[in-house]
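# Structural characterization, general
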Amino acid sequence: MFQEYDVVVVGAGHAGCEAAAAAANMGSKVLLVTMNMNTIAQMSCNPAMGGVAKGQIVREIDALGGYSGIMSDKSMLQFRMLNLSKGPAMWSPRTQNDRMRFAEEWRLALESMPNVDFWQEMVSGILVKAKRVIGIKTALGIEIKAKAVVLTNGTFLNGKIHIGEKNFGGGRTAEKAAIGITEQLIELGFESGRMKTGTPPRIDGRSLNYSAMEEQKGDKNPGKFSYTDTKPLAKQLSCWITYTNEDVHKELEKGFDRSPMFQGRIKGIGPRYCPSIEDKINRFAERDRHQIFVEPEGWKTVEIYVNGFSTSLPEDIQYSAITKIPGFEKAKMFRPGYAIEYDFFPPTQLKTSLETQLIDNLYFAGQINGTTGYEEAACQGLMAGINAHNKVNEKDPFVLKRSEAYIGVLIDDLVNKGTQEPYRMFTSRAEYRILLRQDNADLRLTEMGHKLGLATDERLEKLLDKKNEIQKLKTELKQLRVQPAVVNGELSELNTATISEKVPAENLLKRPHIGMAELRRIDPDINSRFSKYSEEILQQVEISTKYESYIEREQKLAEKIESLEDYKIRSDFDYDRVKALSSEAREKLKKIKPETVGQLSRISGVSPADVSVLTVYMGK
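The notes below deal with the structure included here. (Residues numbered from 1 in each chain as written. Predicted model: local features only at pLDDT ≥ 70, side-chain atom pairs only at ≥ 80, totals over all residues. Heavy atoms only, no water.)

## Structural notes on the pattern of salt bridges
Rules: Basic side-chain nitrogens of Lys or Arg form a salt bridge, by our definition, when they fall within 4 Å of a carboxyl oxygen of Asp or Glu. Put simply, DSSP H or I for four residues or longer makes a helix, DSSP E for two residues or longer makes a strand, and each gets a number counted from the N terminus. The rule is simple: take the accessible area with a 1.4 Å probe, protein chains only, and divide by the maximum for that residue type; under 20% is buried, over 50% is exposed, in between is partly exposed.
Within this structure, the stated rule accounts for 45 salt bridges. The partner of Asp-576 in a salt bridge is Lys-590, and the shortest N-O contact between them spans 3.3 Å. One end of the pair, Asp-576, is in the loop between α18 (548–562) and α19 (583–592); the other, Lys-590, is in helix α19, and 14 residues separate them in sequence. Relative accessible area serves as the criterion here: at 32%, Asp-576 is assigned to the partly exposed category. Take Lys-590: its relative accessible area is 41%, and that puts it in the partly exposed class. Residues joined by salt bridges that share partners form a network here, namely Arg-402, Asp-412, Asp-413, Lys-417, Glu-431, Glu-565 and Arg-602.

The structure is reproduced here in structure tokens:
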């Protein structure tokens, strides 16, 4: 029945879809294996994409030639740019999405790719020969040969669902768990662990009183994720905000004696930054309320996602507590919230390409690596798909630096530091976040994506046109001289110093109170000259001009630190011979096997003294 595939991708969530698409579009023959063809690209939890730092990741995926941004744009209900009150390094796009349409768009896209085949069944193990993966084995006993395998199992590996005192096997509600893979990987020498995540109850939107809530509308001029010609929204659906109260908390506390989390039945570690509602009221007892986001699940469905009310308490407690929330007094529940425990494999067992150290041509991506979130999973899938294709075709791995992308930060963190809890991306994790803005992802990455064979010629041409327009506008800004008589009145109204002689327009744009809009308003000549440029070009030039010194300083720092990446370390380097190393450093280095001195320096437990000793030793 089956030919030998170049790449087999196990799991069709966000990581699996991006992995399959990347490898296929680069030329590999791909088989995507899923337990249920009807849940490809399922938004298992919140029907939203992006957010703080996550929005930057979606734009990076798109800039490289991935699909998450396109699918988000095609299924948008609402768009918001978060953190606009802060600097542009913090701006983060976020969409509320139509859950069913998002999955449908992904499936249609994958089915349109001639290099992608599908198979619906559970994968029970991998085929290994001489420490190299050579295929997969299914629950029906079918063996499918492959040159590379990407595991993107999500929460399905020995998944266990908890609702109060009840628990049962499952990778997602109404879907069975995947068994066999964990046990085999452990036999092969891999270390595994358990993590936990959860989801809130779903509510009938027709039963809610929205007049008791705060309306949260989308942006007046909605943006989008993709740099392609996806269409921005013409109309948007509102989300709503309400709050828990002391009555809600008292009701929840009635179920603590039956809580699987408090009674020790859940062993896995949950996400620090997205705790369950019972965990919130237990850990933050001094707070008398917690914010609840009421989010629609689609254009045509009445189902509502209750963001902020994730719980594994008994269903009767969930219901009685939720009806105490303002606006939810007559709420009808579609299904209760639950917690899920699942197996993961500490990512320190991976190379920076996401290939495992123990088994050649085997790649891990997504929650199997201890991450949480669609965006984190999708970018790992993209990178694993790229590198699986490259390995099969005897090409070098594609690895992004920390100064090149949030994707690079995420993978570098995972491989070098590991994670003891579900990993979530934040802007604070990126030391070069002024360089890694959401507005310049295409400028950073599209040429790389084109060289890989992912970003199309059309994308590259569009990027080059954009670069040309940016340069033209920057030149005009330097050459245009602003007349004191023309602008001084407006400058006074803006509470910024007047000028006594002609100055370049660029000088005014660098002032804190003056943006591109103000510059155009105070000088009619500038306004007429700049009207030919798009808002995207105007914004890009404004940011690069205002933050020029910060950007240059960060770039120099990145270049200085990353010079260490030029110093490669042999894979067979014997750390036991370096007697001056600390025992912790020796243990970590032998386990992680860093590929460069730069990577070595970022490993948790390796001190600057250890780095110094090693560089001297290697120099000899």
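## Structural notes on the sheet that holds strand β12 (residues 193–199)
Convention followed: Two strands are counted as paired when DSSP detects at least two bridges linking them. Axis geometry follows a simple rule: fit a line to the C-alpha atoms, using only the stretch in contact for helices, then measure angles between N-to-C directions, giving values from 0 to 180 degrees.
Ordered in space as β11-β10-β19-β12, the 4 strands form an open sheet in which the pairing is antiparallel. Edge positions in the open sheet fall to β11 (166–169) and β12, since each of these has one partner strand only. The mean angle between the axes of side-by-side strands here comes to 25 degrees, regardless of whether they run parallel or antiparallel. Looking at chain direction, strand β10 (residues 160–163) and β11 are connected through 4 bridges and run antiparallel. Pairing of Lys-160 across the sheet is with Gly-169, part of β11.

## As for the sheet that holds strand β3 (residues 48–50)
Judged by pairing direction, the sheet is antiparallel, and its 3 strands sit side by side in the order β3-β5-β4 without closing on themselves. Of all strands in the sheet, those with a lone pairing partner are β3 and β4 (76–82), marking the two edges. On average, each strand axis in the sheet is inclined to that of its neighbour by 15 degrees, with strand direction left out of account.

## Here's the deal with the pairing of strand β9 (residues 143–151)
Sheet topology note: the strand β1 (residues 5–10)/β9 ladder contains 5 bridges and is parallel. Its bridge partner lying in β9, Val-10 is registered against Leu-151. Hairpin remark: strand β8 (residues 132–138) followed by β9, antiparallel, with 4 residues in the connecting loop; positive phi at Gly-141, about 90 degrees. Relative to strand β20 (residues 362–364), β9 runs parallel, the two sharing 3 bridges. Note on β20: the bridge partner recorded for Leu-151 is Phe-364.

## Quick look at the packing of aromatic side chains
Formally: Centres within 6.5 Å make a pair out of two Phe, Tyr or Trp rings, where for Trp the six-membered ring is used; the pair is then stacked when the planes are under 30 degrees apart, edge-to-face when over 60, and tilted otherwise.
Scanning all chains against the criterion turns up 13 aromatic pairs. For the pair Phe-190 and Phe-345, a centre-to-centre distance of 6.2 Å together with 85 degrees between the ring planes defines the contact as edge-to-face. You can see Phe-190 sitting in the loop between α5 (181–187) and β12 and its partner Phe-345 sitting in the loop between β19 (338–344) and β20, a full 155 residues away along the chain. Residue classification places Phe-190 among the buried residues on the basis of a relative accessible area of 4%. Take Phe-345: its relative accessible area is 1%, and that puts it in the buried class. A centroid spacing of 4.9 Å and a plane angle of 65 degrees characterise the contact between Phe-573 and Tyr-575, whose relative ring orientation is edge-to-face. Here the two residues Phe-573 and Tyr-575 agree in accessibility, since each one is buried. Taken together, the ring pairs in this structure connect Phe-190, Phe-345 and Phe-364 into an aromatic cluster.

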